[in-house]
Amino acid sequence: MNGRVIAKTSNSLWNKYVLDRRLGSANEPLLTGRERGRTGHSGVGRSPGATRNVNGGLSEHPPTRGAATSRNSGLEKRLAKAREEAERIWFEVENVDDFLVRIYQYYEGKGIRCILLSKFTNLIILAFTVLFSTFLFTCIDHSLINEKKRLNEVIYSTCFQPPPTIVLIFGVWWAWQLVRLFFEIPQLSEMEVFFTYMLEIPEIDLETIPWREIVVRLGTKKPRRVSVQNFLGPNNPLRGRMFRGAAQTTRAPATQHALDRLDAHQIANRIMRKENYMIAIFNKDLLDLSMPYLPETWSDVIRMFGGRWRRHQEPGEQDAEGSLKKKRQWVTQNVEWNLNYCILRFVFDERGRVRKRFLKEENRAKLTEILRSRFITMGYLNLVFAPFMFILLIMLYFFRYAEEYSKNPSKISVREYSRYAYWKFREFNELPHFFVERLRKSYEKAYLYVQQGPREKMAILARFVTFIAGSFAAVLAVFALFDEELLRGFEITPGRSALFYFATFGTILAVARGMIPDEQTPFEPERLLREVIQETHYLPEHWREKLHTDEVRQQFSALYDVKLSLFLQELISVLLMPFILWYSLANCSEAIVDFFREFTVHVDGVGYVCSFAVFDFRRHGNAKYGAGLQGVGENLASREGKMEHSFINFKAQNPDWEPDMEGSTFLTNVLQRRGYPAEAATVFGATPGQAGPSRFPSAGMERLHPFQAGAGSVHVGAGGSMMRNRVRGL
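Because the structure is a prediction, the values reported are computed rather than measured. (Residues numbered from 1 in each chain as written. Predicted model: local features only at pLDDT ≥ 70, side-chain atom pairs only at ≥ 80, totals over all residues. Heavy atoms only, no water.)

Trainee: Explanation requested: helix α7 (residues 165–198) in the structure shown.
Mentor: Because the α-helix completes a turn every 3.6 residues, residues three or four places apart line up on one side. Between its terminal C-alpha atoms α7 stretches 49 Å, which fits the 50 Å expected from 34 residues at 1.5 Å a residue. If you look at α7, its biggest bend is around 30°, right at Ile 185, and the proline Pro 186 turns up within four residues after that. Positive phi shows up at Glu 200, right after α7, with a value of about 60°. (Helix = DSSP H or I, 4+ residues; strand = E, 2+ residues; numbered from the N terminus. Expected span 1.5 Å × (residues − 1). Bend = angle between axes of the 7 residues up to and from the residue.)

Laid out in structure tokens, this is it:
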């Protein structure tokens, strides 16, 4: 057996633990010192030639001539059993969706150790936040802090006696989460065995291997029936416990058919079965997540007192002045959790399949009423837990960012995309790690763009504040050079030392400097926004021909907002969530039920999925965005060409995937609309009438995306690679 293979498959102590527990290790020879060095085991406490006896202990015996052969044979047997166990895991898959989701979560989590470490530390952080916050607010007599010198002198003697009720409730929930974490260990260990011995991907490679390689291996690994008699010996105690009825087990034909036909498209459809529906719902603007009866601008306040303000405005509706302004959509993590519970857990069963009652029109009225009642019930639950969640979020944010902001106040202006932007930007069948990587490419240009608004007035004020604050800070710094005690002992105002004012002016100075634009940066907002759009793939109709305006910049700034502002929105949404559920979302129940009935199709081997995720150009195609066929109607087409853009993006991420004939026609149309030579379609395998373009270079596909701006020439080499590609947007 190749030594490199042994080293690659035996370097994990966890693997050894799993094998010892599951496969048994009685009377199997252990590795010698030289072999341990080759396989990565330290071998502490074991002498060469040591073996494990039946009772699990170590025994010494003199080496024999066949010791090396016996040791190698024992190792090969253990590795063979591990591979058979991996095949058993693959063979016994019943819920394909759940299995593929576990595979992706294991890949995204970078292996069992990172997953367990991440979840456990998150639990510890949450427990620390609750207990430490409770200690600070209920156990300390703050009125004695200035008088006493020791901590134990200001702590109440009745601290946590008895514990507050909310702490007891949290303790029960935390203990349950810890138990659930321990119950996840067997499933995670199964995934490690499957990755290591079936896909031949050790845990250390998960941080570098691309997802497409895992998709290829899943597609090429055809499960075969595992013989239980060969897998476990007749005397192994695990035989009757591990595989109940495994000797008579045969895979269900539907499951076998699904696993035999796995490709990148089917895998993505199964993993993102629920997310694809949510992407489509946000794309179609079916959810009203605005706060009713709440004016959002000073103009609304004036119109409200003047009797001309309406209490509700449809998403995207123009106001009296004709501005393309829409009511604020409150999309936060708390809102997402409520949507997941109220909608997705209602539509999908415990196996992740769409309930068939949603596909029948006669159930429309009943389902609408049930969904409305779920929204109202969750509104009351949010009202009960709102105070606790509000305080918990404040403490979490304070503990996480207070020290960072105190050292570097300029980080207060750091921006990131909002949760609403995440759902607007994300495309069908786009796995999370692909989406996050795409957004990361846009951050630099997005930050430069938001700084390029009308800035002269703000720059003048920022320079003035910088001068005043800098002057005070400089004087205090000079005095501190001559007398270090001056900052702490000298009071500028009663009760406020020079140190306090030095820190205050320093913070103001740092924030004001961050608001002064760099004079060496050229003023090109339209060019920067086009470069951002190339990565975000988001270009609403009302933005076109207005990329240079401040109105578009303000709308984009709401999507790419300051972190502090996003946190405040998260806090406010906790208080507003009951009203959004009662008044706004409850009125969307009928549209949501209709959406799942109209945009659900059955795919052989996959089941019921969102029809947009199937890339059905015959039903949802939009000729305006290059589709060869115009769909049945405008109402069935995605907005802003979301499906067409998703198709190109998915093809770029999975160049080995072969679409159907309509997909090939779409690629041909896109190539021709960008002025490619006629032979380019043949080189890229996108010839009309030929189902399935075989190979399309991923680098070329990325440049082919419809949001690419500018014009230029294209050179296609003999191998189909693009040397230069500057194409015109749709």
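Trainee: Can you help me understand unusual backbone geometry in this one?
Mentor: Of all residues except glycine, most have a negative phi; of all peptide bonds, most are trans. The backbone phi angle of Glu 200 is positive, close to 60°, even though this residue is not glycine. Despite not being glycine, Phe 615 shows a phi value in the positive range, around 60°. Along the polypeptide, Phe 615 turns up in the loop between β8 (607–610) and α27 (617–620).

Trainee: Which parts of the structure should I look at to understand helix α18 (residues 432–440)?
Mentor: If you check which residues of α18 are buried, you get Phe 434, Phe 435, Arg 438 and Leu 439. Looking down the long axis of α18, one finds its buried residues gathered within 130° of arc, a one-sided arrangement. Packing partners of the buried residues in α18 comprise α8 (211–220), β3 (415–417), α17 (419–425), α19 (443–450), α23 (525–536) and α28 (642–653). (Buried < 20%, exposed > 50% of the residue type's maximum accessible area, 1.4 Å probe, protein only. Arc of directions from axis to C-beta. Contact = heavy atoms within 4.5 Å.)

Trainee: Sorry, what's going on with the nonpolar core here?
Mentor: Across soluble globular proteins, you tend to see nonpolar side chains buried next to one another. In this structure, Phe 195, Trp 211 and Ile 343 are the most contacted members of the largest nonpolar core, which totals 123 residues. With 11 residues, α7 is the single largest residue contributor to this core. Residues contacting Phe 195, with those up to four places away along its chain left out, are Ile 103, Tyr 106, Tyr 107, Glu 200, Ile 201, Leu 206 and Ile 214. (Core = buried A, V, L, I, M, F, W, Y, C linked by side-chain atoms within 4.5 Å.)

Trainee: In this structure, what is going on with the side chain of Lys 424? I would like to understand it.
Mentor: Among the secondary structure elements, Lys 424 is positioned in helix α17. Relative accessible area serves as the criterion here: at 9%, Lys 424 is assigned to the buried category. A distance of 3.0 Å separates the side chain of Lys 424 from the backbone oxygen of Phe 282, its partner in a polar contact. Beyond its immediate sequence surroundings of up to four residues, Lys 424 is in contact with Phe 282, Asn 283, Asp 285, Tyr 538 and Lys 642. (Polar contact = N/O pair within 3.5 Å; in protein donor to acceptor, adjacent residues only side chain to side chain.)

Trainee: Any chance you could explain the state of the cysteines here in plain terms?
Mentor: Covalent bonding between the sulfur atoms of two cysteines defines a disulfide. Inspection of every chain in the model, using the stated rule, returns 1 disulfide. Note that Cys 139 is cross-linked by a disulfide to Cys 159, the S-S spacing being 1.9 Å. Handedness here is read from the sign of the S-S torsion; for Cys 139 and Cys 159, about 75°, the answer is right-handed. With Cys 139 in the loop between α6 (112–138) and α7 and Cys 159 in the loop between α6 and α7, this pair connects stretches of sequence that are 20 residues apart. Relative accessible area serves as the criterion here: at 0%, Cys 139 is assigned to the buried category. (Disulfide = S-S within 2.5 Å.)

Trainee: Just to check I follow, could you spell out the pattern of salt bridges for this structure?
Mentor: Any two side chains of opposite charge can pair if their charged atoms end up close together. Under the defined criterion, the tally for this structure stands at 27 salt bridges. Between Asp 285 and Lys 424 there is a salt bridge whose closest N-O contact spans 2.8 Å. With Asp 285 in the loop between α13 (273–283) and α14 (298–305) and Lys 424 in helix α17, this pair connects stretches of sequence that are 139 residues apart. Residues Arg 364 and Asp 594 are paired through a salt bridge, measuring 2.8 Å at the closest nitrogen-oxygen approach. Here Asp 594 lies in helix α26 (residues 589–598) and Arg 364 lies in helix α16 (residues 364–407), a separation of 230 residues in the sequence. Owing to a relative accessible area of 27%, Arg 364 belongs among the partly exposed residues under this scheme. Judged by its relative accessible area of 12%, Asp 594 falls in the buried class. A cluster of three or more residues bridged by salt bridges with shared partners is formed by Glu 85, Arg 88, Glu 92, Arg 102 and Glu 190. (Salt bridge = Lys/Arg side-chain N within 4 Å of Asp/Glu carboxyl O.)

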